[in-house]
Amino acid sequence: MAVVTPDEKQLIKGIVCDILELESDEITDDSLFVEDHDADSMRLIEILSSLELNLKVTIEQSELSRMVNLQGVYEVVGNTAR
Amino acid sequence: MSNVDSAGSGLAIVGWAVTSPFGIGRSVFSEGLAAGRSTERAIEQGQGPAGTACLVPEFDSRAVLGKKGTRMMNRVTGMAVSTMGDLLREVSGHRLDPDTTGLVLGTTVGSAQSTIDFTRGSLTGERPFHVEPGLIPYAVMNGAAGQCAIWHGVKGPNATLAAGRSAGLLALNYARRLLLTGRAGTVLCGAAEEYSVARAWISERSAGNDAPGAVLGEGCAMFALTAEPTDEPPLATLLAVKAMTCSDGDWYATIRRCIEQTVAAAGVQPCDVWMASPSGAAGAAGQAERAALGDLFEVGDRLVSITELVGETHAASGALQLAAVLGLAERNPESAQRLAVVTSTDESGTVAVCLLRLS
């Protein structure tokens, strides 16, 4: 299984924080986007799309169900073909 | 030529709010108008072909509304949401029912900038679907009206009316219909237009030969109209709104007929009209508008033209004219129970007129 590098994690966290309008210390690897950070489906799509643009990867929309927190996003990105 | 609507009983205007090149709020707007202060300023290099514009000073959606929910919000939505917030604070004494409060917002195309940015992203990205999804809600025409309702929790009918310079007055007419047919108890109604590089270039490239190089302005004005009884006397009563189409190029005839029918529909006399505001359109339409108002009414120096001060504000123009009439009347004790007329013309041929009784 591929892994995401610390640099990539930093980039991913930056993207998520920007879209969820959070400071980096307001989010943890386990805090939930929807339940803890008031994200709606539009925000989740924005995260997916922004990751695709910035990391040059393709993420299936079915993966959204795993992208509930940063840890989930790291795993999904780690599994994409790069 | 076609009629859109005629008059019924008057509707109370119980509040208004404005964001203009004079700044945020009613007092700076009324003071700036009364002083005849121009708001035309130089703009930064690359911000448009004209070199100058009348911008809402230092307006920034995130600074005005906070960082939550504003990341992708464009300027026109920021102005509309902020102005509506000011309006709701002003009418807080009326205890609006969110379920029966409607919203009508006039526009030209929503945000030309957001629409073009989204399209450009699709054309220049690696794949056509590599677009910024956060832009979508704002790249559609009704983004601003939708965000206003979501932000402020207004759940009644929500309409976006795209009609260029006529949008403000046609939005009033739409609000009248919602109220007179019982589809809403109160309607928050107005119009907004943002300055953007995209709009500046569209304006520059589409300007007719008789109206080159208008200085662009921006802003938003919103009004609270109600059909329900109010505890306090209203700020003004909307007596009639009419719209016609000038299809033969004879602006004067259409404008004059539209004004005469509006006055007749309200059952008042032209000699009782005390204040008037033409749209200040450039070219033949604007000249005909002034001529018709001058021939029909004796308003003296109470002819309120705001375009020279706040620029060509397109969709926001009619709403800003109405705001100007209310703002200047407020400062003049003689305005009580007098009549005022606001007129508008759009290059597409639309002529719109509204008549109100000041309080």
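No experiment lies behind these values; they were computed from the predicted model shown. (Residues numbered from 1 in each chain as written. Chains lettered and ligands numbered in written order. Predicted model: local features only at pLDDT ≥ 70, side-chain atom pairs only at ≥ 80, totals over all residues. Heavy atoms only, no water.)

Here we come to the overall build of chain A. Within chain A, the regular secondary structure consists of four helices and zero strands. Taken from N to C terminus, the helices and strands of chain A fall in the order α-α-α-α. Scaling as 2.2 N^0.38, a compact globule of 82 residues should have a C-alpha radius of gyration of about 12 Å, and chain A matches this with 11 Å. Burial statistics for chain A: of 82 residues in total, 46% are counted as buried. (Helix = DSSP H or I, 4+ residues; strand = E, 2+ residues; numbered from the N terminus. Rg over C-alpha atoms; globule rule 2.2 N^0.38 Å. Buried < 20%, exposed > 50% of the residue type's maximum accessible area, 1.4 Å probe, protein only.)

A few words on the pairing of strand β7 (residues 186-193) of chain B. Residues and elements named next belong to chain B. Counting buried residues in β7 gives eight out of eight residues, a clear majority hidden from the surface. Here β7 shows no split at all, with Thr-186, Leu-188, Gly-190 and Ala-192 on one side and Val-187, Cys-189, Ala-191 and Glu-193 on the other all buried. Inspection of the sheet shows strand β5 (residues 101-107) paired to β7 by six bridges, in the parallel sense. The residue of β7 that forms the bridge with Gly-106 is Ala-191. Where β7 meets strand β8 (residues 219-226), eight bridges bridge the pair, whose relative direction is antiparallel. Its bridge partner lying in β8, Gly-190 is registered against Met-222. (Pairing = 2+ DSSP bridges.)

A few words on helix α3 (residues 41-55) of chain A. All names here are of chain A. With 15 residues, α3 should cover 21 Å at 1.5 Å per step; its first-to-last C-alpha distance of 21 Å lies within 8% of that length. Of the residues making up α3, those classed as buried are Leu-44, Glu-46, Ile-47, Leu-48, Ser-49, Ser-50, Leu-51, Glu-52 and Leu-55. Close packing links the buried residues of α3 with α1 (6-20), α2 (33-37) and α4 (70-78). Once α3 finishes, Lys-56 follows within two positions and takes phi at roughly 55°, a positive value. (Expected span 1.5 Å × (residues − 1). Contact = heavy atoms within 4.5 Å.)

Turning next to the packing of helix α3 (residues 75-90) of chain B against helix α6 (residues 143-152) of chain B. Residue and element names in this part refer to chain B. Between α3 and α6, whose axes approach to 9 Å, the crossing angle comes to 40°. In this view, α3 runs oblique relative to α6, as classed from their interaxial angle. You can see that α3 and α6 cross each other, and the crossing is right-handed. Across the interface between the two elements, Thr-77, Ala-80, Val-81, Met-84, Gly-85 and Leu-88 from α3 touch Gly-143, Ala-144, Gln-147, Cys-148, Trp-151 and His-152 from α6. Split by residue class, the contact of α3 with α6 holds seven nonpolar, five polar and no charged. (Axes fitted to C-alpha atoms, helices over the stretch in contact; angles between N-to-C directions. Parallel < 35°, antiparallel > 145°, perpendicular 65-115°, else oblique. Left-handed = near helix turned anticlockwise from the far one by under 90°. Nonpolar A, V, L, I, M, F, W, Y, C, P; charged D, E, K, R; others polar.)

Take the interface of chain A and chain B next. Counting from both sides, the interface comprises twelve residues of chain A and, opposite them, 14 residues of chain B. Roughly 1,100 Å² of surface becomes buried between chain A and chain B when both sides are summed, with 46% attributable to carbon and sulfur atoms. Three residues stand out in chain A for area buried against chain B, namely Glu-21, Glu-46 and Leu-53 of chain A, and they jointly supply 45% of the buried area on that side. Connecting chain A to chain B are five salt bridges. The shortest N-O distance in the salt bridge between Glu-23 of chain A and Lys-67 of chain B comes to 2.8 Å. Summed over the shared surface of chain A and chain B, the number is ten residue pairs in polar contact (both at pLDDT 80 or more). Looking at the side of chain A that touches chain B element by element, the count peaks at five residues for α3 of chain A. Here the side of chain A that touches chain B is composed, by residue class, of six nonpolar, one polar and five charged. (Buried area = accessible area lost by both parts, 1.4 Å probe. Salt bridge = Lys/Arg side-chain N within 4 Å of Asp/Glu carboxyl O. Polar contact = N/O pair within 3.5 Å; in protein donor to acceptor, adjacent residues only side chain to side chain.)

This paragraph deals with the nonpolar core. Residues and elements named next belong to chain B. Ranked by size, the top nonpolar core spans 52 residues in total, and within it Phe-29, Leu-172, Phe-223, Leu-326 and Leu-356 carry the most contacts. Summarising the domain contributions, this core has at least three residues from each of domain 1 (12-226) and domain 2 (236-358). Ignoring anything within four residues of it in the chain, the contact list for Leu-356 reads Ile-13, Ala-236, Thr-237, Leu-238, Leu-239, Leu-322, Leu-326, Arg-338, Leu-339 and Ala-340. Counting 28 residues, the second largest nonpolar core, distinct from the first, contains Val-14, Leu-88, Ala-145 and Ala-192. (Core = buried A, V, L, I, M, F, W, Y, C linked by side-chain atoms within 4.5 Å. Domains from an automatic or database assignment.)

A few words now on the domain arrangement of chain B. Where the parts come together, the accessible area they lose is often given as the size of the interface. All names here are of chain B. Partitioning chain B into structural domains gives domain 1 (12-226) and domain 2 (236-358). Distance from the C-alpha centre of domain 1 to the C-alpha centre of domain 2: 21 Å. Of the roughly 3,400 Å² buried between domain 1 and domain 2 on both sides combined, carbon and sulfur atoms contribute 67%. Area buried by domain 1 at its contact with domain 2 is led by Ile-13, Arg-165 and Leu-169, which between them contribute 26% of it. Seen at the junction of domain 1 and domain 2, the total is two salt bridges.

Let us now look at the packing of aromatic side chains. Residue and element names in this part refer to chain B. Under the criterion given, the structure shown has one aromatic pair over all chains. Residues Phe-22 and Phe-29 carry aromatic rings whose centres are separated by 6.2 Å and whose planes lie at 65° to one another, so their mutual orientation is edge-to-face. The same class applies to Phe-22 as to Phe-29, namely buried. (Phe/Tyr/Trp six-rings, centres within 6.5 Å; stacked < 30°, edge-to-face > 60°.)

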